[in-house]
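For reference, the chains in residue letters:
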Amino acid sequence: MLNLQNILILAPLAGYTDVPFRSVVKDFGADLTVSEMISSHALAFKNVRTQKMLEKAPNETPYSVQVSGSTPQIMVRAIERLNLEEGIDIVDFNCGCPAPKVANHGNGSALLKDLNLLVAMLRLIKKHSNAPHTSVKVRIGFDRKIPEEIAHALNDTDVDFVVVHGRTRSDGYKKDRIDYDSIARMKKILKKPIIANGEIDCPKKANEVREQTGADGLMIGRAALQAPWIFTMIKNDVEISGEQEVALRYQIAHKHLEKMVDFYGQRGVIIYRKNLHNYAKGLQGASEFRCKVNRIEDFNEMRAAIEGFFAPLL
């Protein structure tokens with residue numbers, strides 16, 4: 001049975017939340033990890049890259065796969081494809097992605113303009129999926145706030161829980177547009193557990209969001225890219241800073257690099273550059289360090305660069 005009380009979930013982030021990163025975050029107390037968003041078309045037509053995205057780390061239990069799409073026939077084929085995989089505990093339906101390449105094709109947050117279709121797709125996923133649980137991630141509207149309408153619509157589905165990002169699609173990721181009150185209004189209507197998402201970057205903010213929204217749990221995305229240990233901080237209600245934080249960044253930088261090469265091979269060194277940028281962010285000499293690592297393709301050379309940057313800061 002999935003325990004959602006005070007659950008902490010790592011949000012799916014395209015290009016970042018792959019198997020190596022999710023594995024790192026699980027070591028720091030994330031209760032649930034979610035795959036990067038996978039197109040139902042890619043699943044239905046057996047895109048080669050998609051198979052890699054479906055893989056999970058040994059420590060990823062429970063594990064959720066997030067799918068996007070708006071064509072019923074394609075979604076059925078996608079779900080049938082997922083049914084062939086072992087170890088998927090949750091199928092999550094993305095109805096919140098604001099990216100033009102997603103929303104402009106009727107997927108992601110565009111479904112918030114057609115709640116009847118959104119409900120129909122969720123019913124279809126539940127009907128055809130072999131996974132024990134289903135969930136959905138939404139925003140509070142497309143170009144206007146309609147949290148109550150969305151909540152009532154979702155009550156007509158059999159999803160096990162709902163993740164709500166407290167902005168409309170038009171709001172993008174603007175900090176001043178976050179609206180936790182809309183999540184609180186949805187909580188009063190929804191008959192299912194609700195997970196709050198958006199701008200949660202420290203234990204203090206986590207506590208405030210829980211209190212303001214009444215949410216059963218929290219989902220954290222961008223804050224985890226720089227500080228994968230944020231889940232440990234929230235669970236223990238402690239801040240980690242100063243030399244202790246630098247030491248953690250140093251430790252994770254090495255561990256994450258090794259996991260990238262194990263998963264991707266030598267190409268993992270190049271893919272890892274963007275992650276290393278996040279671990280160095282805000283530290284002395286970070287700009288020069290980014291320029292340096294952007295030219296590195298060799299594993300041993302990258303390890304030496306990490307050592308040379310972080311060790312003197314301790």
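Notes on the structure follow.

**Here we look at the pairing of strand β1 (residues 7-10)**
In β1, alternate side chains face the same way, and those of Ile7 and Ile9 on one face and Leu8 and Leu10 on the other are all buried. Here β1 pairs with strand β9 (residues 217-220) via four bridges, running parallel. Considered in β9, the bridge of leucine 8 is made with leucine 218. The parallel pair β1 and strand β2 (residues 32-34) is bridged by helix α1 (residues 19-27), and the resulting crossover is right-handed.

**Considering helix α12 (residues 242-264)**
In an α-helix, one turn spans 3.6 residues, which is why side chains three or four residues apart end up on the same side. Helix length check: α12, at 23 residues, gives a terminal C-alpha distance of 33 Å against a target of 33 Å (1.5 Å per residue), a fit within 8%. Glycine 265 sits one or two positions beyond α12 and adopts a positive phi of about 80°.

**Looking at the side chain of serine 109**
With respect to the secondary-structure elements, serine 109 resides in the loop between α5 (100-103) and α6 (115-128). Relative accessible area serves as the criterion here: at 0%, serine 109 is assigned to the buried category. The contacts of serine 109, once residues within four sequence positions are left out, are Cys95, Gly96, Cys97, Pro98, Ala103, Phe142 and Arg169.

**Let's talk about the pattern of salt bridges**
This model, assessed by the stated rule, comprises 13 salt bridges. With its nearest N and O atoms 2.7 Å apart, the salt bridge here joins arginine 185 to glutamate 148. Taken together, the positions of arginine 185 in helix α8 (residues 180-189) and glutamate 148 in helix α7 (residues 147-154) put the pair 37 residues apart, joining distant regions of the chain. What makes glutamate 148 partly exposed here is its relative accessible area of 30%. Notably, a salt bridge pairs aspartate 171 with arginine 177, separated by 3.0 Å at the nearest N-O pair. Residue aspartate 171 is classed as buried on the basis of its relative accessible area, which comes to 7%. Looking at arginine 177, the relative accessible area reads 36%, which means it is partly exposed. It is possible to trace a salt-bridge network through shared partners that takes in Arg167, Glu199 and Arg222.

Scoring rules and cut-offs
- Residues numbered from 1 in each chain as written.
- Predicted model: local features only at pLDDT ≥ 70, side-chain atom pairs only at ≥ 80, totals over all residues.
- Heavy atoms only, no water.
- Buried < 20%, exposed > 50% of the residue type's maximum accessible area, 1.4 Å probe, protein only.
- Helix = DSSP H or I, 4+ residues; strand = E, 2+ residues; numbered from the N terminus.
- Pairing = 2+ DSSP bridges.
- Right-handed = clockwise from strand over helix to strand, strands pointing away.
- Expected span 1.5 Å × (residues − 1).
- Contact = heavy atoms within 4.5 Å.
- Salt bridge = Lys/Arg side-chain N within 4 Å of Asp/Glu carboxyl O.

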